[in-house]
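Secondary and tertiary structure notes
One letter stands for each residue in the lines below.
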Amino acid sequence: MLVDDAVALVPSIPGRRALLGLAGAPAAGKSTLARRLVAGVNDRLGAGTAAYVPMDGFHLSNAQLDRLRLRDRKGAPETFDVDGYVALLGRLRSERTRPVYAPDFDRRLDEPVAAGLVVPALTALVVTEGNYLADDGPGWGLVRDLLDELWYVETPRRLRERRLLRRHIRGGRSEAEARAFIASSERLNARRVELTRPHCTRVVSPRDP
């Protein structure tokens, strides 16, 4: 069971913290799996043992994307604050006496939310997830060195794209606009992510128990 493997990552020495990363293409089920792993670890070892910190909190704001003329590529590697994400992972590894606050992402607003999440000082396992955790692009190559393990979440393309279609329609796009964005941006991002699969510790399915 994947929960068993996540539990095994929890350090046995008090004051230590492990970081587990989940990489995968858009809508592969990374966030669902991450939340399930955190809930499973907390059920086994006690509330607060594990925490969830997604990479999505480091999306650039829509104002910055407009300034950079990248709104139509939202979700691509260059539309994230990778340096901020790397800095947060470094803090999560080194800070064990104070809580660490992290940004979240609000899909209804389609914007990041500062300090929307907190990792308490006693949290022993942080599960983080995002498309580009195994990427070798500028800045992204530093991520892997900060993680204890990095799992690749694999899901069939048709299922992922059905999820993406629902996600973008819920976010306010028409069906035609959603399909166009998937074709012009999401598929390109997914192909890039798929090339990073060999950099991961193992391949998992969100359907695994």
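A quick note: this is a predicted structure, and the numbers were derived from the prediction, not measured.

**Notes on the overall build of the chain**
The helix and strand tally for the chain stands at six helices and seven strands. For the chain, the α and β elements follow one another from N to C terminus as α-β-α-β-α-α-β-β-β-β-α-α-β. A globule of 209 residues ought to have a C-alpha radius of gyration of about 17 Å, and the chain, at 17 Å, matches this closely. Oriented by its inertia axes, the alpha-carbon framework of the chain measures out at about 50 × 35 × 30 Å. For the chain, the proportion of its 209 residues judged to be buried stands at 50%. Summing over all exposed atoms, the chain offers an accessible surface of approximately 10400 Å²; the carbon and sulfur share of this is 51%.

**Concerning the pairing of strand E1 (residues 18–23)**
Judged by how many residues are buried, E1 sits mostly within the fold: six of six residues are covered. Of the two faces of E1, both are covered, the one formed by Ala-18, Leu-20 and Leu-22 as well as the one formed by Leu-19, Gly-21 and Ala-23. Inspection of the sheet shows E1 paired to strand E5 (residues 125–130) by six bridges, in the parallel sense. Bridge pairing in E5 places Leu-19 opposite Val-126.

**Details of unusual backbone geometry**
In terms of backbone geometry, most residues other than glycine have negative phi values and most peptide bonds are trans. Of note in the backbone geometry, Ala-27 takes a positive phi value of approximately 65 degrees without being a glycine. Since its relative accessible area comes to 6%, Ala-27 is described here as buried. Non-glycine residue Asp-110 carries a positive phi angle of around 60 degrees. Structurally, Asp-110 is set in the loop between strand E3 (100–106) and strand E4 (111–119).

**Topic: the nonpolar core**
Counting residues in each nonpolar core, the largest one holds 31 residues, and the members touching the most others are Tyr-85, Leu-92, Leu-133, Trp-140 and Val-143. When residues of this core are traced back to their parent elements, those giving at least two are E1, helix H4 (82–94), E3, E4, strand E6 (149–153) and helix H6 (175–194). Setting aside residues up to four positions removed in sequence, Trp-140 forms contacts with Met-55, Pro-77, Phe-80, Val-82, Tyr-85, Tyr-132, Leu-133 and Asp-135. Leu-2, Leu-33, Leu-125 and Trp-151 belong to the second-largest nonpolar core, a separate cluster that totals 23 residues.

**Here we look at a positive patch on the surface**
Residues Arg-158, Arg-162, Arg-166 and Arg-170 make up a contiguous surface patch of positive charge. Among the structural elements, Arg-166 can be located in helix H5 (residues 157–170). Residue Arg-166 is classed as partly exposed on the basis of its relative accessible area, which comes to 45%.

**Observations concerning the pattern of salt bridges**
A full pass over the atoms with the stated rule returns 14 salt bridges. Among the ionic pairs, Asp-5 bridges to Arg-202, the shortest N-O distance being 2.8 Å. On the criterion of sequence distance, the pair formed by Asp-5 in helix H1 (residues 2–9) and Arg-202 in strand E7 (residues 202–204) is long-range, its members being 197 residues apart. Judged by its relative accessible area of 31%, Asp-5 is partly exposed. A salt bridge links Arg-187 to Glu-161, with the shortest nitrogen-to-oxygen separation between them at 2.8 Å.

**Observations regarding H6**
Along an α-helix, residues three or four apart share an orientation, since each turn contains 3.6 residues. For H6, the principal kink sits at Ile-182 and spans about 40 degrees. Buried within H6 are the following residues: Ala-178, Phe-181, Ile-182, Ser-185, Glu-186, Asn-189, Ala-190 and Val-193. Where the residues of H6 are buried, they touch E6 and H5.

Cut-offs used in this document
- Throughout this document, residue positions are counted from 1 along each chain, in the order its sequence is written.
- Predicted model: local features are reported for residues with pLDDT of at least 70 only, side-chain atom pairs are reported and counted for 80 or more only, and whole-chain, interface and lining totals are derived from all residues.
- By convention in this description, side-chain values take in all heavy atoms of the structure and omit both hydrogens and water.
- A run of H or I in DSSP counts as a helix once it spans at least four residues, and a run of E counts as a strand once it spans at least two, with each numbered from the N terminus.
- Between the two quantities, the radius of gyration covers C-alpha atoms and the globule rule is 2.2 Å times the number of residues to the power 0.38.
- For every residue, the accessible area (1.4 Å probe, protein chains only) is compared with the maximum for its type, and the residue is labelled buried under 20%, exposed over 50%, or partly exposed between those bounds.
- To be clear on the numbers: accessible area is Shrake-Rupley with a 1.4 Å probe, and residue cover counts the displayed protein chains and nothing else.
- At least two bridges found by DSSP between two strands is the condition for calling them paired.
- In these notes, a set of buried Ala, Val, Leu, Ile, Met, Phe, Trp, Tyr and Cys residues joined through side-chain atoms within 4.5 Å is what counts as a nonpolar core.
- Here a residue-residue contact requires only that any non-hydrogen atoms of the pair lie within 4.5 Å.
- Only residues whose relative accessible area exceeds 30% and that take part in no salt bridge are eligible for patches, with like-charged residues grouped when within 9 Å of each other and nonpolar side chains (Val, Leu, Ile, Met, Phe, Trp, Tyr) grouped when within 5 Å.
- A pair is scored as a salt bridge if a Lys or Arg side-chain nitrogen falls within 4 Å of a carboxyl oxygen belonging to Asp or Glu.
- Here the positive residues are Lys and Arg and the negative ones are Asp and Glu; neither His nor the chain ends is included.
- A charged residue contributes its charge at one atom only: NZ of Lys, CZ of Arg, CG of Asp or CD of Glu.
- The term bend refers to the angle at a residue between two fitted axes, each drawn through seven residues, those ending there and those starting there.

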